[in-house]
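Geometric and topological summary
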Amino acid sequence: MAKNTTKDYDAELNKTIFDIKHQRTFCMIKPDGVMRGLIGEIIRRIEKAGLKVVAMKMLTPDEDLIKKHYPTSDEKWIARLGNKSKSGLDGLSLDVKDTFGTDDDTELGQSVLSGLIEYMQSGPVVAMVVEGIQAIEMVRKLAGATLPFKAEMGTIRGDFSVDSPVVANVEGRSIHNLFHASENVKEAESEINLWFKGEIICDYSLGNDDIMYCKHY
Ligand code: CDP
Ligand code: MG
């Protein structure tokens, strides 16, 4: 097919397409997912979507690792945690302050964060690097919304968890939502680097690569 493009343009385009096909994301089965025997089910969903697990390990993270994993000095992210807790009140006639002890997003977010740090150390996790076309967005879709009771059916969190920040808050814990997935390229790169620094990320082809990712006919 004749194309009216320069060599430089074609090379750049080919590189971009290669990068999209091989996009990598970090994801993790959290302690509740491991303890509920959902490792196989969660990985099955990732593989069924046509994505490829290219690195994987099981470990019980310590406080230092979890504090490095989450953007604990990002005030906007902390306020967002608080705001997500507040959205757990949707449809309930409860007062924010009475329920959570504060209506300040940052203050509420800080308390969510300490529960989260404790929850993530409560048992082994399965950490993974997953690769494929638009892997970051794909794995976020497979995960579903953060709050289990809002996560859509058909997603990992929607199908296998049922929790709400209101209930969790009363019990002084984080919500249990089974699974973590990087939200964007920057997060994916820093999380892969944190969890798999200096470790081998595998390179292999799936039997259906040709059919899924290429013009094979
Ligand atoms: O995990 P995701 O990217 O969907 O959400 P996040 O806003 O980055 O929050 C990180 C984690 O904090 C969540 O997955 C939950 O485990 C926990 N969290 C919580 O327990 N209560 C909230 N109100 C918000 C988040
Ligand atoms: Mg997140």
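This text follows the structure it describes.
Residues numbered from 1 in each chain as written. Chains lettered and ligands numbered in written order. Predicted model: local features only at pLDDT ≥ 70, side-chain atom pairs only at ≥ 80, totals over all residues. Heavy atoms only, no water.

Thoughts on the packing of helix 5 (residues 75–87) against helix 7 (residues 105–120)
Formally: Axis lines are fitted to C-alpha atoms, over the contacting stretch for helices. Their N-to-C directions set the angle, which ranges from 0 to 180 degrees. To qualify as a helix, a DSSP run of H or I must reach at least 4 residues; to qualify as a strand, a run of E must reach at least 2; elements of each kind are numbered from the N terminus. In what follows, roughly perpendicular refers to angles from 65 to 115 degrees, roughly parallel to angles under 35, roughly antiparallel to angles over 145, and oblique to any angle outside these ranges. Whether two residues are in contact is decided by their heavy atoms, any of which lying within 4.5 Å being enough. Only Asp, Glu, Lys and Arg are considered charged, only Ala, Val, Leu, Ile, Met, Phe, Trp, Tyr, Cys and Pro nonpolar, and every remaining residue, Gly among them, polar.
In contact at an axis separation of 7 Å, helix 5 and helix 7 are set at 90° when each is read in the N-to-C sense. Here helix 5 lies roughly perpendicular to helix 7, going by the angle between them. Only Asp-105, Thr-106, Leu-108, Gly-109, Gln-110, Val-112, Leu-113 and Leu-116 of helix 7 make contact with helix 5, whose side of the interface consists of Trp-77, Ile-78, Ala-79, Leu-81, Gly-82, Asn-83, Ser-85 and Lys-86. Classifying every residue of the contact of helix 5 with helix 7 gives 8 nonpolar, 6 polar and 2 charged.

Quick look at the environment of Val-34
Operational definition: Residue exposure (1.4 Å probe, protein chains only): buried if accessible area is under 20% of the type maximum, exposed if over 50%, otherwise partly exposed.
Looking at the secondary structure, you find Val-34 in helix 2 (residues 31–35). Owing to a relative accessible area of 13%, Val-34 belongs among the buried residues under this scheme. Separated by 91 residues in sequence, Val-34 and Val-125 place their C-alpha atoms 6.4 Å apart. Val-34 has contacts with Ile-29, Ile-39, Met-58, Pro-124, Val-125 and Val-126, leaving out every residue within four places of it along the chain.

Some remarks on the pattern of salt bridges
Using the following cut-off: For this analysis, a salt bridge means a side-chain nitrogen from Lys or Arg found within 4 Å of a carboxyl oxygen belonging to Asp or Glu.
Scanning all chains against the criterion turns up 14 salt bridges. Here Glu-131 ties to Lys-52 by a salt bridge, and the two come within 3.9 Å at their closest N and O atoms. Residue Glu-131 is found in strand 3 (residues 125–131), and its partner Lys-52 is found in strand 2 (residues 52–59); the two are separated by 79 residues along the sequence. In this pair, the class of Glu-131 matches that of Lys-52, namely buried. The shortest N-O distance in the salt bridge between Asp-64 and Lys-68 comes to 3.0 Å. Pair noted here: Asp-64 and Lys-68 are both in helix 4 (residues 63–69), with a separation of 4 residues, about one helical turn. One continuous salt-bridge network, built from bridges that share partners, spans Glu-41, Arg-44, Arg-45 and Asp-159.

Some thoughts on the packing of aromatic side chains
The cut-off we apply is this: Two aromatic rings from Phe, Tyr or Trp, using only the six-membered ring of Trp, form a pair when their centres are within 6.5 Å; if the ring planes differ by under 30 degrees the pair is stacked, by over 60 it is edge-to-face, and anything between is tilted. Counting as a charge over the ring demands two things of the Lys NZ or Arg CZ atom: a distance within 6 Å of the ring centre and an angle within 35 degrees of the ring normal.
Using the criterion set out here, one finds 3 aromatic pairs in the structure. Ring centres 5.3 Å apart and planes at 25° place the aromatic pair Phe-26 and Trp-195 in the stacked group. Of this pair, Phe-26 sits in strand 1 (residues 24–29) while Trp-195 sits in helix 11 (residues 185–196), placing them 169 residues apart in sequence. A single burial state applies to Phe-26 and to Trp-195, both of which are buried. With centroids separated by 5.6 Å and ring planes inclined at 15°, the aromatic side chains of Tyr-70 and Trp-77 adopt a geometry described as stacked. In this structure Tyr-70 comes out as buried when scored by relative accessible area, which is 8%. Here Trp-77 falls in the buried class, since its relative accessible area comes to 9%. In textbook terms, an aromatic cluster arises when at least three aromatic residues are bridged by ring pairs, as seen for Phe-26, Trp-195 and Phe-196. Over the face of the ring belonging to Tyr-204 we find Lys-52, whose NZ or CZ atom lies 5.2 Å from the ring centre.

Let's talk about a nonpolar patch on the surface
Selection rule: In this analysis, a patch consists of residues with relative accessible area above 30% that form no salt bridge, clustered at 9 Å for like charges and at 5 Å for the nonpolar side chains Val, Leu, Ile, Met, Phe, Trp and Tyr. In this description, accessible areas are obtained by the Shrake-Rupley approach with a 1.4 Å probe, and a residue is regarded as covered only by the protein chains that are shown.
A contiguous nonpolar surface patch, about 400 Å² in accessible area, is contributed by Tyr-9, Leu-13, Ile-17, Ile-20 and Ile-133. Along the chain, Ile-133 turns up in the loop between strand 3 and helix 8 (135–143). The exposure class assigned to Ile-133 is partly exposed, which follows from its relative accessible area of 31%.

Details of the site of ligand 1
Rules: A molecule or strand has a residue near it when one of that residue's heavy atoms lies within 4 Å. Whenever two N or O atoms come within 3.5 Å, that pair is a polar contact, provided that in protein one can donate a hydrogen and the other can accept it, and provided that, for residues adjacent in sequence, both atoms are side-chain atoms.
Neighbouring residues of ligand 1: 17 residues in total, closest Lys-84, Ser-85, Arg-140, Thr-146 and Asn-177. Here Ile-175 contributes a backbone N or O atom positioned 3.1 Å from an oxygen atom of ligand 1. Within the contact set of ligand 1, an oxygen atom lies 3.0 Å away from a side-chain nitrogen or oxygen of Glu-183. Against a free-state accessible area of 500 Å², the protein chains account for coverage of 98% of ligand 1. For the shell around ligand 1, the secondary-structure elements that each account for two or more residues are helix 5 and helix 7. When residues in the shell around ligand 1 are grouped by element, the largest group, 5 residues, is from helix 5. Looking at the shell around ligand 1, its residues break down into 7 nonpolar, 4 polar and 6 charged.

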